[in-house]
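Residue strings, one per chain:
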Amino acid sequence: AQTVTQSQPEMSVQEAETVTLSCTYDTSESDYYLFWYKQPPSRQMILVIRQEAYKQQNATENRFSVNFQKAAKSFSLKISDSQLGDAAMYFCAYETSGSRLTFGEGTQLTVNP
Amino acid sequence: EAGVTQSPTHLIKTRGQQATLRCSPISGHTSVYWYQQALGLGLQFLLWYDEGEERNRGNFPPRFSGRQFPNYSSELNVNALELEDSALYLCASSFWGTGEGSPLHFGNGTRLTVT
C-alpha cells in the first residue's frame, strides 16, 4: 500500500520569508501524481500544486514551487515571500492509476507578522 | 461556477442514531469522493462514486454507506453512530476518476458530532 509521510507536524515562518514543507512517499509505481493541498481555518481543501511523476521539471505556481526527487521519493513544497494568508494545514497527497488519493498527516503552517 | 456544496454544515447526533450527509458536485463532474477527517488526523478515504456506482471504499465498517444519484449528487449515511465517528466529513468531486491525476475539488465539509 502506498503511504505518504509528512514529518513536520508544525512549522512557522516569518512574513515575507521562505519556508519548505517536507513530504516523502512510498510506492513501487513508476507513474503517479503528487499534490499539495492547503486547508485554511475555513476548512475547505484547496489545491496548491500538482506534479506528474514522469515530468522531471519541478512544478511552480507563483510563490509555490516543489522539489521533486523521484529516486528519493521526496516531494517538498517551498513557499516564497510567505503571506499571512498562507497560514493553513498543508497536506501532501499521492495518486496512481487504479488507486485513490492518499494523504499525509498534514503540516500546520503558522505565518508570523 | 458553483463549487462543491455540502449540507448540513454541522450535525449533532446521539450514539446509536443515523446520520445523513449530502453533497452536490461541481457541474460536469461525475466522480464524488467522501473523506473523514478526525481531529488531529489526516484525511481517511471513505468512498468513491462514479456514474452512480460505488467504485472503491476505504477501510471502514459497513455501517458507513452511501449512494450517488442520477444528477451525480451523493449521500453518505452512517448508521449506529459511535462516539469515534465525530469528525469533519469532506466531499470532493472530479471530472475524471481517481488515478488519472485529476485534482479533487472539495466542499467545506460537514462537522458531525456524536454525543
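My aim in this report is to walk through the structure given alongside it, one point at a time. Fair warning: this is a prediction, and the values are worked out from it, not measured in the lab.

To continue, consider the packing of aromatic side chains. Within the structure shown, the criterion is met by 15 aromatic pairs over all chains. Ring centres of B:Tyr35 and B:Phe45 lie 5.7 Å apart, and the angle between their planes is 70°; on these two criteria the pair is classed as edge-to-face. Of the two residues, B:Tyr35 is situated in strand β4 (residues 31-37) and B:Phe45 in strand β5 (residues 43-50); the sequence distance between them amounts to ten residues. Where B:Phe60 meets B:Phe64, the ring centres are 5.2 Å apart and the plane angle is 65°; that geometry is what we call edge-to-face. Given the relative accessible area of 2%, B:Phe64 is considered buried. The structure contains a cluster of three or more aromatic residues connected by ring pairs, namely A:Phe35, A:Tyr37, A:Phe91, A:Phe103, B:Tyr35, B:Phe45 and B:Phe106.

Below, the discussion takes up the pattern of salt bridges. According to the stated counting rule, one finds ten salt bridges over all chains in the structure shown. In this structure, the salt-bridge partner of A:Asp26 is A:Lys73, at a minimum N-O distance of 4.0 Å. One end of the pair, A:Asp26, is in strand β4 (residues 24-26); the other, A:Lys73, is in the loop between β8 (64-69) and β9 (74-79), and 47 residues separate them in sequence. Two residues, B:Asp85 and B:Arg63, come together in a salt bridge whose shortest N-O distance is 2.7 Å. Taken as a pair, B:Asp85 in the loop between β8 (74-78) and β9 (87-94) and B:Arg63 in the loop between β6 (53-57) and β7 (64-68) lie far apart in primary sequence, 22 residues in all. There is no split in this pair, since B:Asp85 and B:Arg63 are both buried. Among the ionic contacts, a cluster of salt bridges with common partners joins A:Arg50, A:Glu52 and A:Lys55.

Between chain A and chain B, the contact holds 21 residues from the first and 24 residues from the second. Together chain A and chain B conceal approximately 1800 Å² of surface at their shared face, both sides included; 48% is due to carbon and sulfur atoms. The largest per-residue losses of area from chain A upon contact with chain B belong to A:Arg43, A:Arg100 and A:Phe103, which jointly make up 35% of the total buried on that side. Linking chain A to chain B there are zero salt bridges. Where chain A touches chain B, the interface holds seven residue pairs in polar contact (both at pLDDT 80 or more). Taken together, the elements giving at least two residues each to the side of chain A that touches chain B come down to β5 (33-39), β6 (46-52) and β10 (88-95) of chain A. Considering each element in turn, the side of chain A that touches chain B owes the most residues, four residues, to β5(A).

All names here are of chain B. One open sheet holds the four strands; their spatial order is β1-β3-β8-β7, and the pairing between them is antiparallel. Where the open sheet ends on each side, the last strands, each with one partner, are β1 (5-7) and β7. Pairs of neighbouring strands in the sheet enclose a mean axial angle of 15°, with direction left out of account. Direction of pairing for β7 relative to β8: antiparallel, over a ladder of five bridges. The residue bridging Phe64 from the neighbouring strand is Val78, located in β8.

Residues and elements named next belong to chain B. Side chains Thr110, Leu112 and Val114 project from strand β11 (residues 110-114) onto a buried face, and the interleaved Arg111 and Thr113 project onto a face without burial. Looking at chain direction, strand β2 (residues 10-13) and β11 are connected through four bridges and run parallel. Across the sheet, the residue bridging to Ile12 is Thr113, located in β11. The pairing of β9 with β11 spans three bridges and is classified as antiparallel. Counted as the bridge partner of Ala87 is Leu112 from β11.

Quick notes on the rules
- Residues numbered from 1 in each chain as written.
- Chains lettered and ligands numbered in written order.
- Predicted model: local features only at pLDDT ≥ 70, side-chain atom pairs only at ≥ 80, totals over all residues.
- Heavy atoms only, no water.
- Phe/Tyr/Trp six-rings, centres within 6.5 Å; stacked < 30°, edge-to-face > 60°.
- Helix = DSSP H or I, 4+ residues; strand = E, 2+ residues; numbered from the N terminus.
- Buried < 20%, exposed > 50% of the residue type's maximum accessible area, 1.4 Å probe, protein only.
- Salt bridge = Lys/Arg side-chain N within 4 Å of Asp/Glu carboxyl O.
- Contact = heavy atoms within 4.5 Å.
- Buried area = accessible area lost by both parts, 1.4 Å probe.
- Polar contact = N/O pair within 3.5 Å; in protein donor to acceptor, adjacent residues only side chain to side chain.
- Pairing = 2+ DSSP bridges.
- Axes fitted to C-alpha atoms, helices over the stretch in contact; angles between N-to-C directions.

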